[in-house]
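# Secondary and tertiary structure notes
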Amino acid sequence: MSGHATYEFKNPIVRWIEARLPIFSVMKAQAMDFPTPRNLNYWWTFGGIAATMLVMQILTGIVLVMHYTPHVSMAFDSVEGIMRDVNYGWLIRWLHANGASFFFIAVYIHMFRGLYYGSYKAPREVLWMIGVLIFLAMMATAFMGYVLPWGQMSYWGAVVITNLFSAIPVVGDPIVQWLWGGFSVGNPTLQRFFSLHYLLPFVLAALVFLHIWALHVVGNNNPDGIDVKSEQDTLPFHPFYTMKDLYAILVFFLVYLAFVFYSPWYLGHAINFAKADPMVTPPHIVPEWYFLPFYAMLRAVPDKLGGVVVMFASIIILFFLPWLDRSPVRSARYRPLYRFFFWLLVIDGIFLGIVGSQPPEGWWIPAGRIATTWYFIHFLVVLPLLSQIERPKPMPASITEAVLSRGGH
Amino acid sequence: MTTFIDQEASRRDFLFIATGTVGAAGTALALWPFIDQMNPDASVLALASTEFDMAPLAEGQGVTIKWRGKPVFIRHRTKEEIEKAKKTPLAELKDPVARNANLPPDAPATDENRVKDATGKVNEKYLVQIGICTHLGCVPLGEAGEYHGWFCPCHGSVYDTAGRIRKGPAPRNLDIPPYKYVSDTKIVIG
């Protein structure tokens, strides 16, 4: 955004390196002086929080691999060994297991922030779409990681999710055997999941780099959703937002660590403390909480292929969001109708999560169908329609005016 | 100068296209070993057949054995179960095909076709089927569900006493593995 700033460095070594690789000027321009809207609120800190969680997952993951054995006869025991024998193994493992949940919490809040303030709209479409790719890669990583401890839920989760591909006509079954490396989920499956679970976080890191690059080309959106017009509207990223992000990260870690130390198994399933048994399916298979809304959509359709298509469509639809919502006003602050439907979508998503956690019986079935239908209506009908009929509230002329009119400084 | 480039261009174009084609085709071909290595390997394919003697099974008793890492249900069905399965009109079935690996793929899902082995032998007492729900691969529970056949706890698919899908999201009847009788009660699966 700021282009190539020309900096004069005093240190001769820095000058020597700078002339050959301009890394110091890029760091200073992008990570310190980067002009950032002055009105960002705490919802904007969740991007930094999510990035911190990715780093935590990579660090704890690298340590866990030093003690884990990816083989069906040893995986479960090696995880128990980490819990009981390895020095601080329990801490590293619970940081990693709960870290996945808190990574998703941060990313879900980050995504809903984008939805509320219209951060997916021009010129941030590519930024948003890379974000959806990050979300997809995260889901694949989390799913494969959950299989590695080789407990009952690990095993049957792997069976159910890989079987989703058998719904594809004609080539479905060969694809599933190809994924398994056998006729059922077994050792070859575990080993390739381990390999990919180690690879994908680095793919994620690369995608995050692209995400931040795209952000630094177009600049931050902000709670008022209006473009930066002058230098008055901005603050340098450092120290204003480095410190704000750091403060938010510390508060977030307080909650994360409260789970790690006081209730580390709360977000998991007791049945995963039993070793995988390919002959017995547990009475109630549920994915981790962060997949529950999608699991509810899968089960809402009484047809195998239909359910799989609906589930994948619920994420693919996000790629088209910038063109489904045609309203030129970004922030829900100035869109009273959109604000109402946004909160309805939040409630719908949470409700789908509750439906996904319940056995597919009784009134949960129609409830799941209604909630799934609403999810698609929101994106395919409500958003295009709102951009036609909604009358936005008057907008302030600039970020500075918006801040000052609210008594800020 | 221009004519020189024009003359050279056709020969260069040819070389560019030829090189690009060989490069692209070579890369595409080199990709195959990296894809195919994920398919079931020789040791997995070698574990192909299992023998089982059904004589010790009492009426109404069932066992689950392992074949190719998958559960196989072998059930000695009661008279009522067989009667019920036989009386069901084919029109009521969600999946009208037998799904028996020993029969042609379009064989109708009659009770007889569900218990036929590769040689055409029928012993209606013994039902042999792969114990994997055709929805998303869970192991259904026996003697359960509305039709007292099998019930899948994962997503609620209901199978009758011949292992045919009657309700729920599963698209197909439980699969019958390839098997044949080697004596009156002994079978070889695979």
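## Description of the packing of aromatic side chains
Residues and elements named next belong to chain A. Taken as a whole, this structure holds 42 aromatic pairs over all chains when the rule is applied. Between F209 and W213, the aromatic rings sit 6.3 Å apart at their centres with planes inclined by 55 degrees, giving tilted as the arrangement. Of this pair, F209 and W213 both sit in helix 9 (residues 187–218), four residues apart, roughly one helical turn. Across the pair, W213 and F209 agree in class, each one exposed. The positively charged end of R113 is found above the aromatic ring belonging to W44, 4.3 Å away from the centroid. The ring of Y42 has K244 sitting right over it, with the charged end atom 4.6 Å from the ring centre.

## Here's the deal with helix 14 (residues 336–357) of chain A
One full turn of an α-helix is made of 3.6 residues, so residues set three or four places apart face in the same direction. Residue and element names in this part refer to chain A. Here helix 14 contains 22 residues, and its C-alpha end-to-end distance of 33 Å stays within 8% of the 32 Å for a straight helix at 1.5 Å per residue. All of the buried residues along helix 14 are Y338, F341, F342, L345, V346, D348, L352, G353, V355 and G356. Where helix 14 is buried, its residues meet helix 5 (89–116), helix 11 (292–300) and helix 15 (364–389).

## A few points about the domain arrangement of chain B
Assigned domains within chain B: domain 1 (1–39) and domain 2 (45–189). Computed over C-alpha atoms, the centres of domain 1 of chain B and domain 2 of chain B are 54 Å apart.

## Description of the state of the cysteines
All names here are of chain B. Evaluated as defined, the whole model comprises one disulfide over all chains. Two residues, C138 and C154, share a disulfide whose sulfurs are 2.1 Å apart. Measuring the twist about the S-S bond at about -105 degrees, one finds the C138-C154 disulfide to be left-handed. Pair noted here: C138 is in the loop between strand 4 (126–130) and strand 5 (141–144) and C154 is in the loop between strand 6 (149–151) and strand 7 (158–159), with a separation of 16 residues, a long-range link. Assigned by exposure class, C138 and C154 land together as buried. Just so you know, C133 is unpaired, no disulfide at all, and the nearest cysteine sulfur is the one on C152, 3.8 Å from it. The exposure class of C133 is buried, given its relative accessible area of 3%.

## A few points about the sheet that holds strand 1 (residues 50–53) of chain B
Residues and elements named next belong to chain B. The strand order across the open sheet built from three strands is 1-10-9, with neighbouring strands paired in antiparallel fashion. This sheet does not close on itself; its edge strands, each paired only once, are strand 1 and strand 9 (179–181). Ignoring strand direction, the axes of neighbouring strands in this sheet form an average angle of 20 degrees.

## Some words on the sheet that holds strand 6 of chain B
The strands making up a sheet associate through backbone hydrogen bonding, with each pair oriented either parallel or antiparallel. All names here are of chain B. If you walk across this open sheet you meet the four strands as 5-6-7-8, and the pairing is antiparallel. The strands lining the two open edges of the sheet, one partner per strand, are strand 5 and strand 8 (165–167). As paired strands, strand 5 and strand 6 are joined by three bridges and run antiparallel to one another. Note that in strand 6 the partner of A144 across the bridge is G149.

## Some words on the packing of helix 3 (residues 46–65) of chain A against helix 9 of chain A
Residues and elements named next belong to chain A. Two elements in contact, helix 3 and helix 9, have axes whose closest approach is 11 Å; the angle formed by their N-to-C orientations is 155 degrees. As judged from the angle between their axes, helix 3 and helix 9 are roughly antiparallel. As for how helix 3 packs across helix 9, the hand of that crossing is left-handed. Counted together, L54, I58, I62 and V65 of helix 3 and F194, Y198, P201, F202, L204, A205 and V208 of helix 9 form the full contact between these two elements. Grouping the amino acids of the contact of helix 3 with helix 9 by side-chain chemistry returns 11 nonpolar, no polar and no charged.

Criteria and cut-off values
Residues numbered from 1 in each chain as written. Chains lettered and ligands numbered in written order. Predicted model: local features only at pLDDT ≥ 70, side-chain atom pairs only at ≥ 80, totals over all residues. Heavy atoms only, no water. Phe/Tyr/Trp six-rings, centres within 6.5 Å; stacked < 30°, edge-to-face > 60°. Helix = DSSP H or I, 4+ residues; strand = E, 2+ residues; numbered from the N terminus. Buried < 20%, exposed > 50% of the residue type's maximum accessible area, 1.4 Å probe, protein only. Lys NZ or Arg CZ within 6 Å of the ring centre and 35° of its normal. Expected span 1.5 Å × (residues − 1). Contact = heavy atoms within 4.5 Å. Domains from an automatic or database assignment. Disulfide = S-S within 2.5 Å. Pairing = 2+ DSSP bridges. Axes fitted to C-alpha atoms, helices over the stretch in contact; angles between N-to-C directions. Parallel < 35°, antiparallel > 145°, perpendicular 65-115°, else oblique. Left-handed = near helix turned anticlockwise from the far one by under 90°. Nonpolar A, V, L, I, M, F, W, Y, C, P; charged D, E, K, R; others polar.

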